[in-house]
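Listed below, chain by chain, are the residues.
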Amino acid sequence: MAQSLQLHQVEKHYAGVPVLRGISLDIEEGEFVVMVGPSGCGKSTLLRAIAGLDTLSAGRMSIKGRDVTQLDPVDRGIAMVFQSYALYPHMTVAENMGFGLRMARRPQAEIDQAVQRAAGILRITDQLHKKPRQLSGGQRQRVAIGRAITRSPEIFLFDEPLSNLDAALRTQMRVELSTLHAALGATMIYVTHDQVEAMTMATRIVVLNAGLVEQVGTPLALYHQPANRFVAGFLGSPRMNFFAAEVQALGEAHAVVATPGLPPLMLGLAETTGLSVGASVTLGIRPEKLRLVDADSTQGCDFPAQVRLVEQLGRETVLYADAGPLQTQDSDSGTANVTVQLSAMSRLVPGDPIRLAFDPADAYLFAPSGKTVSVVPPGTHP
Amino acid sequence: MYPRPIPESQPLKRRLYMAVLGLALLIWLLPLVAVTMTSFRSTQDIMSGNYWGWPVAPTLVGNYLQVFAQTPMARFFLNSLLITIPSVLLVLVLSTLNGFVLARYRFRGATLLFAMFVGGNFLPHQILMIPVRDLMVKAGLYDTFYALILFHVAFQTGFATLFMRNFIASLPGELFDAARAEGVSPPRVLWYIVVPLLRPALAALAVLTFTFIWNDYFWAVVLTQSDSVKPVTAGLANLKGEWISAWNVVAAATMIAAIPPVTMFFLMQRHFIAGLTAGAVKG
């Protein structure tokens, strides 16, 4: 497929403070790329830079093979949808959607046609004469998307467009955006801090952290084969459990890892790891890979724990448990040590003693640098 | 909520509140009432010293006709309009342009420039009296409309710029990003997006500036001399006779002079709509 957007060593500094620290990225035509990352990772800055609203400090950028680094936003063939909708409050929906074409001095018939087409796609034809203040949040965001569609851009840019909507509407708009992407076949770049939006809509996810790309890949590839601890912890809810561990012995393609509170584990290693005996490593295990076992269980790797908090979600249950000597690192369960996701209802109550087990093949191992060094768990190849 | 509404259950407090309010209103309006009543008095009333009592043999339009028949008030009135209207328009245009640039663009010296606009407001007018008069005389503008228009525009634009800059700065920034992404040039952003949203601010500023300029007496006296240029405020002072004063006619002239600012207020009132930007962004 043809190249839609190419970023080459893109950098941005604000008063000497680096926000983007050399980002290179190729996006192909028709992709739905979602950029995720925590607040302040530079994702919105990157989007604004792609839009041409901010200039780059260094690096080059091209759209469809044409260098656009120095071009004005309007000459780049992009359209942007903003988090706050940014509709012109004194104009009707139709005027809002046609404003860009009107400013480009296109004939009125063409403007009307483009507006009607966009309104038809978004099912807001009966709202065209209304002012933005007469619309609900979801309708406003639809108008903002319609305004982008009328300009038939090469690339759609979305800056957290759903974060002002309530949960139900957000789910609905997520589906609609995916449908829209399929219908238009246009390249879309979408910025969000919501990993659910990233996982559900993206054809590819770009995980950003502190101005750098951590990993790029399909949602499932990132989920199952995180390149490092940051990506492993960022994608997936509830978060992956991280336990402090130490390399006890190194083999040809495996390592024996000692984790306080667990029996020694033998884990398969990827080819070049750079690990040494005695290195402090991190063991990672997803909450859904932990299961409850009987006290006399001998399968896999098991350890005792005590329930601290139970979250009943109906179809599934999330347990937060204390697991004695296991040392968790930045879990999102506060002081509790282990997060467990059970795919069934549970009658457990806080204080209940339990026994948890996991298959060592499901565990991830992260080097002191954060890099993933374990082999990909079996059955997770996307 | 503060202040708390006085509940229906406390009739005494309520009545006291109404009484005090009424009294305050009466004191506030007393001069206006006196002038209005005097404008209906006959000359005999004035001669006999009945300044405050109920008019004896009141005349409804007599004094008002006298104003136009015996004094150059019509001319003064016209002069005031010729000075005030262009001044207000110029102030609005200049302050909108200034405000847009100062609110939306960062450039070297922007803060200094803005500080100068604001700082000018703190200069006492009086210290400018001699230099401004000399300046106008040297420029050959003394005792012309241009002198007053120029001075009022220069002086009012400072405050108006502060007002407009702050209003424009409070407009959601993403509106400007959206417009830029759509390829709207800055002058067109100003015309198609900023100005329509500025309507309440422009209306408020127009009323304020109009009132300031129309009511100005100081500069009218300093910069004009002849009746053909004098605005209504300076003209009114001229109506006082050397020996006797026809206070009833002066009062009627005063009433006439007060009409335009009041009219202006009611004309602009419908534009004072709060929440004009409602719907632009998530509120």
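Described below are features of the structure shown in this document. Given the structure is predicted, the values throughout are model-derived calculations rather than measurements.

1. Describing the overall build of chain A
Along its length, chain A carries eight helices and 20 strands. Taken over the C-alpha atoms alone, chain A extends approximately 80 × 45 × 40 Å along its principal axes. Out of the 382 residues belonging to chain A, those deemed buried represent 53%. Intrachain contacts of chain A at a sequence separation of at least 6 include 67% that bridge at least 24 residues. Carbon and sulfur atoms provide 51% of the accessible area of chain A, an area that totals close to 16,100 Å². With 33 positive and 36 negative side-chain charges, chain A shows a spacing of 9 Å between the two charge centroids.

2. Things to note about the interface of chain A and chain B
How big an interface is tends to be stated in terms of accessible area lost as the parts join. Between chain A and chain B, the residue contacts involve 26 residues of the former and 22 residues of the latter. Note that B:Asp177 is salt-bridged to A:Arg48, the shortest N-O span being 2.7 Å. Counting every contact that joins chain A to chain B gives nine residue pairs in polar contact (both at pLDDT 80 or more). For the side of chain A that touches chain B, the element with the most residues is helix α2 (residues 93-103) of chain A, which contributes four residues.

3. Some details on the sheet that holds strand β14 (residues 280-285) of chain A
Residue and element names in this part refer to chain A. With respect to topology, five strands assemble into an open sheet ordered β13-β12-β11-β14-β20, the strand pairing being antiparallel. Both edges of this open sheet fall to β13 (265-268) and β20 (364-366), since each of them pairs with a single strand only. When strand polarity is set aside, the average angle formed by the axes of neighbouring strands in this sheet is 45°. Both strand β11 (residues 241-250) and β14 contribute to a ladder of six bridges, which runs antiparallel. Each bridged residue has a counterpart across the sheet, and for Ala245 the counterpart in β14 is Val281.

4. Side note on the sheet that holds strand β9 (residues 204-209) of chain A
Paired through their backbone hydrogen bonds, the strands of a sheet run either parallel or antiparallel. Residue and element names in this part refer to chain A. Here six strands make up an open sheet; going across it, the order is β6-β7-β8-β3-β9-β10 and the pairing mixed. The sheet is open, and its two borders are formed by β6 (78-81) and β10 (212-217), each paired with just one other strand. Adjacent strand axes in the sheet meet at a mean angle of 20° when their direction is disregarded. Most of the contacts of helix α5 (residues 167-184) go to strand β8 (residues 187-192), to which it runs at about 160°, and overall it touches β3 (32-36), β7 (155-159) and β8.

What counts and how
Residues numbered from 1 in each chain as written. Chains lettered and ligands numbered in written order. Predicted model: local features only at pLDDT ≥ 70, side-chain atom pairs only at ≥ 80, totals over all residues. Heavy atoms only, no water. Helix = DSSP H or I, 4+ residues; strand = E, 2+ residues; numbered from the N terminus. Buried < 20%, exposed > 50% of the residue type's maximum accessible area, 1.4 Å probe, protein only. Contact = heavy atoms within 4.5 Å. Areas by Shrake-Rupley, 256 points an atom, 1.4 Å probe, with all protein chains shown as cover. Lys, Arg positive; Asp, Glu negative; His and termini not counted. Charge placed at Lys NZ, Arg CZ, Asp CG, Glu CD. Salt bridge = Lys/Arg side-chain N within 4 Å of Asp/Glu carboxyl O. Polar contact = N/O pair within 3.5 Å; in protein donor to acceptor, adjacent residues only side chain to side chain. Pairing = 2+ DSSP bridges. Axes fitted to C-alpha atoms, helices over the stretch in contact; angles between N-to-C directions.

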